[in-house]
Amino acid sequence: QVQLVESGGGLVQAGGSLRLSCAASRSIYTFRAMAWYRQAPGKQREWVATICTSSATNYTDSVKGRFTISRDNADNTVYLRMSRLQAEDTAVYFCTAGTFAGNDYWGQGTQITVSS
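Residues numbered from 1 in each chain as written. Predicted model: local features only at pLDDT ≥ 70, side-chain atom pairs only at ≥ 80, totals over all residues. Heavy atoms only, no water.

A. Spotlight on the side chain of Glu-6. With respect to the helices and strands, the residue Glu-6 is situated in strand β1 (residues 4-7). For the buried Glu-6, no salt bridge is present, and the opposite-charge side chain at shortest range is Arg-45, 8.6 Å distant. Reaching out from Glu-6, the side chain makes a polar contact with the backbone nitrogen of Gln-108 at a distance of 2.9 Å. Separated by 2.9 Å, the side chain of Glu-6 and the backbone nitrogen of Gly-109 make a polar contact. Ignoring anything within four residues of it in the chain, the contact list for Glu-6 reads Ser-21, Cys-22, Trp-36, Tyr-93, Phe-94, Cys-95, Gly-107, Gln-108, Gly-109 and Thr-110. (Helix = DSSP H or I, 4+ residues; strand = E, 2+ residues; numbered from the N terminus. Buried < 20%, exposed > 50% of the residue type's maximum accessible area, 1.4 Å probe, protein only. Lys, Arg positive; Asp, Glu negative; His and termini not counted. Salt bridge = Lys/Arg side-chain N within 4 Å of Asp/Glu carboxyl O. Polar contact = N/O pair within 3.5 Å; in protein donor to acceptor, adjacent residues only side chain to side chain. Contact = heavy atoms within 4.5 Å.)

So this is what it looks like as structure tokens:
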């Protein structure tokens, strides 16, 4: 089974920045795509950003211009750099990986709390 481990969460002041990391147990180049999702208290889980094997990226509208998803194949790690954080960004952030066989893997999540 594929293991994904997120790290980098914590408490940050509004307007600040954080970088989340997602370390995979195998080469991330073997995945069809990797993505970040988040789930805020009382809300449904939402997609945040995706990066594919070509390094093409996509973002949900609410984070465009503020978040950057990137990949380091050598370290088997995907990152989510977050800037100009808002209270609305408070959520548990999950890393996901999709295989070419159609399987999806999820990390355990990491909490980001943005205070005013």
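B. Examining the packing of aromatic side chains more closely. Throughout the structure, instances matching the rule amount to two aromatic pairs. Relative to Trp-106, the ring of Tyr-37 has its centre 5.1 Å away and its plane inclined at 50°; by these criteria the two rings are tilted. Here Tyr-37, found in strand β4 (residues 31-39), pairs with Trp-106, found in strand β10 (residues 104-106); they are 69 residues apart in sequence, far enough to count as distant. Residues Phe-94 and Trp-106 carry aromatic rings whose centres are separated by 6.3 Å and whose planes lie at 70° to one another, so their mutual orientation is edge-to-face. Of this pair, Phe-94 sits in strand β9 (residues 91-99) while Trp-106 sits in strand β10, placing them twelve residues apart in sequence. Of the residues examined, Phe-94 reaches a relative accessible area of 10% and is grouped as buried. Members of the aromatic cluster, joined through ring pairs, are Tyr-37, Phe-94 and Trp-106. (Phe/Tyr/Trp six-rings, centres within 6.5 Å; stacked < 30°, edge-to-face > 60°.)

C. Geometry of the state of the cysteines. For the structure on display, the rule yields one disulfide. Disulfide pairing is shown between Cys-22 and Cys-95; the S-S distance is 2.0 Å. Linking Cys-22 and Cys-95, the disulfide has an S-S dihedral of approximately -80° and is accordingly described as left-handed. Within this pair, whereas Cys-22 is found in strand β3 (residues 18-24), its partner Cys-95 is found in strand β9, the two being separated by 73 residues in sequence. Looking at Cys-95, the relative accessible area reads 0%, which means it is buried. Between Cys-52, a cysteine without a disulfide, and Cys-95, which holds the nearest cysteine sulfur, the sulfur-to-sulfur distance is 15 Å. (Disulfide = S-S within 2.5 Å.)

D. Fine view of the sheet that holds β1. Taken in spatial order, the four strands make up an open sheet running β1-β3-β8-β7, and their pairing is antiparallel. Looking along the sheet, the strands with just one partner apiece sit at the ends: β1 and β7 (67-72). Across the sheet, the mean angle separating the axes of adjacent strands is 15° when strand polarity is ignored. Examined bridge by bridge, β7 and strand β8 (residues 77-82) share six bridges and lie antiparallel to one another. Following the sheet pairing, Asp-72 is matched in β8 by Thr-77. (Pairing = 2+ DSSP bridges. Axes fitted to C-alpha atoms, helices over the stretch in contact; angles between N-to-C directions.)

So far we have only geometry, and geometry alone does not tell us how the molecule works.
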